[in-house]
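Chain by chain, the residues:
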Amino acid sequence: MPSMSRSRVVSALRSAGCVFAEDEAELILATARTPDEAAAMVGRRVAGLPLEQVLGWAEFHGLRITVEPGVFVPRRRTEFLVRQALALGRDARVVVDLCCGSGAVGAALAAALDGPELHAADIEPAAVRCARGNVAAYGGRVHEGDLFAALPDGLRGRVDILAANVPYVPTHEVALLPSEARDHEPLVALDGGSDGLDVLRRVAAEAARWLAPGGSLLVETSQAQVPRAVEAFTRGGLRTRLAVSDERYAHVLIGTRR
């Protein structure tokens, strides 16, 4: 592509309010196969689509994760949840990625572990289709349905790592999210109910029945929600601790089956 194209792309992105216009221009120009495709991608980004949906991929824990339109974009802060799961031990044999979205967490865990049995689940059909492509290389199976109801019964009592990146934005705060998320990601992946903890409570209440002895549930939440989230984990019979990354501004609750 002519060098002028880069300056035009940067200018268009900057005019649309993209804070990292130069970086985004580089990614778009590197991903596009033709000038027409680059122009179309710039048009979609200017219209407000998340960059990852424009590119068709997101970088996550060293992997390139396919991200399709209408699917929740994996957040870099969630890499902290993956690191916490791996710190529990590299001998996990059964891994479940609940509320999987693109399947980024499950793929990242499977890539770092020694060939675990991987299952993922989501209620959104678009997410299920996307996740299947992302976990296929690891022999992962993706199930469509509502939380644990989507999983095969044979997993009960066998799960070593249960990662559940549940929605945790309180309903009244969804409207305050950036338009990229609010307008282009599924509401079910963002809205956690009146206090943001509806889905977390449902997961915590059932998790112990699915975890293997010593298995752990990992859930991301906000700092303000931690006390109520801990209560939910404790009621579910889980021994609970909190891991915090100031760098990522990430708070991950880890609940281990007693």
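As a reminder, the structure under discussion sits directly above these lines.
An account of the accompanying structure is given in this report. (Residues numbered from 1 in each chain as written. Predicted model: local features only at pLDDT ≥ 70, side-chain atom pairs only at ≥ 80, totals over all residues. Heavy atoms only, no water.)

A word on helix H6 (residues 104-112)
Every α-helix carries 3.6 residues per turn, so stepping three or four residues along brings you back to the same face. Burial analysis of H6 places seven of its nine residues in the buried class, the great majority of the element. Here H6 has its buried residues at Ala104, Val105, Gly106, Ala107, Ala108, Leu109 and Ala110. (Buried < 20%, exposed > 50% of the residue type's maximum accessible area, 1.4 Å probe, protein only. Helix = DSSP H or I, 4+ residues; strand = E, 2+ residues; numbered from the N terminus.)

Considerations on the packing of aromatic side chains
Where two aromatic rings form a pair, the distance of their centres and the angle of their planes describe that pair. Following the criterion strictly, the structure yields one aromatic pair and no others. Note on phenylalanine 148 and tryptophan 210: the rings are 5.5 Å apart at their centroids and 20 degrees apart in plane angle, and the pair reads as stacked. Note that phenylalanine 148 is positioned in the loop between strand S5 (141-144) and strand S6 (159-164) and tryptophan 210 in helix H9 (residues 198-210), a separation of 62 residues in sequence. Given a relative accessible area of 3%, phenylalanine 148 falls into the buried group. Using a relative accessible area of 1% as the deciding quantity, one classes tryptophan 210 as buried. Residue placement shows arginine 64 over the ring face of tryptophan 57; its charged tip is 3.7 Å from the ring centre. (Phe/Tyr/Trp six-rings, centres within 6.5 Å; stacked < 30°, edge-to-face > 60°. Lys NZ or Arg CZ within 6 Å of the ring centre and 35° of its normal.)

Re the pairing of strand S4 (residues 117-122)
Most of S4 is tucked away, with five of its six residues classed as buried. With H6 bridging strand S3 (residues 94-98) and its parallel neighbour S4, the resulting β-α-β unit is right-handed. Across four bridges, S4 lies against S5 in parallel orientation. Opposite histidine 119, over in S5, you have arginine 141 as the bridge partner. Considered for its hand, the β-α-β crossover made up of S4, helix H7 (residues 125-135) and S5 is right-handed. (Right-handed = clockwise from strand over helix to strand, strands pointing away. Pairing = 2+ DSSP bridges.)

As for the pattern of salt bridges
Enumeration over the complete set of coordinates arrives at 17 salt bridges. Of the charged contacts in the structure, one is a salt bridge between arginine 6 and glutamate 26, with a shortest N-O distance of 2.7 Å. With arginine 6 in helix H1 (residues 3-15) and glutamate 26 in helix H2 (residues 21-31), this pair connects stretches of sequence that are 20 residues apart. The shortest N-O distance in the salt bridge between glutamate 79 and arginine 76 comes to 2.8 Å. A network of salt bridges, in which partner residues are shared, links Asp195, Asp198, Arg201 and Arg228. (Salt bridge = Lys/Arg side-chain N within 4 Å of Asp/Glu carboxyl O.)

Re the sheet that holds S4
If you walk across this open sheet you meet the seven strands as S5-S4-S3-S6-S7-S9-S8, and the pairing is mixed. Sheet topology places S5 and strand S8 (238-245) at the edges, where each strand pairs with a single neighbour. Between one strand and the next, the sheet's axes are offset by a mean angle of 20 degrees, whatever the strand orientation. As paired strands, S8 and strand S9 (residues 250-257) are joined by eight bridges and run antiparallel to one another. Considered in S9, the bridge of leucine 242 is made with leucine 253. Contacts from H9 reach S3, S6, strand S7 (211-221), S8 and S9 within the one sheet, and its direction differs from that of S7 by about 165 degrees. (Axes fitted to C-alpha atoms, helices over the stretch in contact; angles between N-to-C directions. Contact = heavy atoms within 4.5 Å.)

A look at the nonpolar core
Formed by 31 residues in total, the largest nonpolar core has its most connected members in Leu109 and Ile161. For this core, the elements supplying multiple residues, two or more each, are strand S2 (63-66), helix H5 (79-87), H6, S4, H7, S6 and S9. It is H6 that provides the largest number of residues to this core, a total of six residues. Not counting residues within four places of it along the chain, the set of residues in contact with isoleucine 161 comprises Ala85, Ala92, Val94, Val95, Val96, Leu109, Leu113, Ser216 and Leu218. (Core = buried A, V, L, I, M, F, W, Y, C linked by side-chain atoms within 4.5 Å.)

These values are about where atoms sit, not about what they do.
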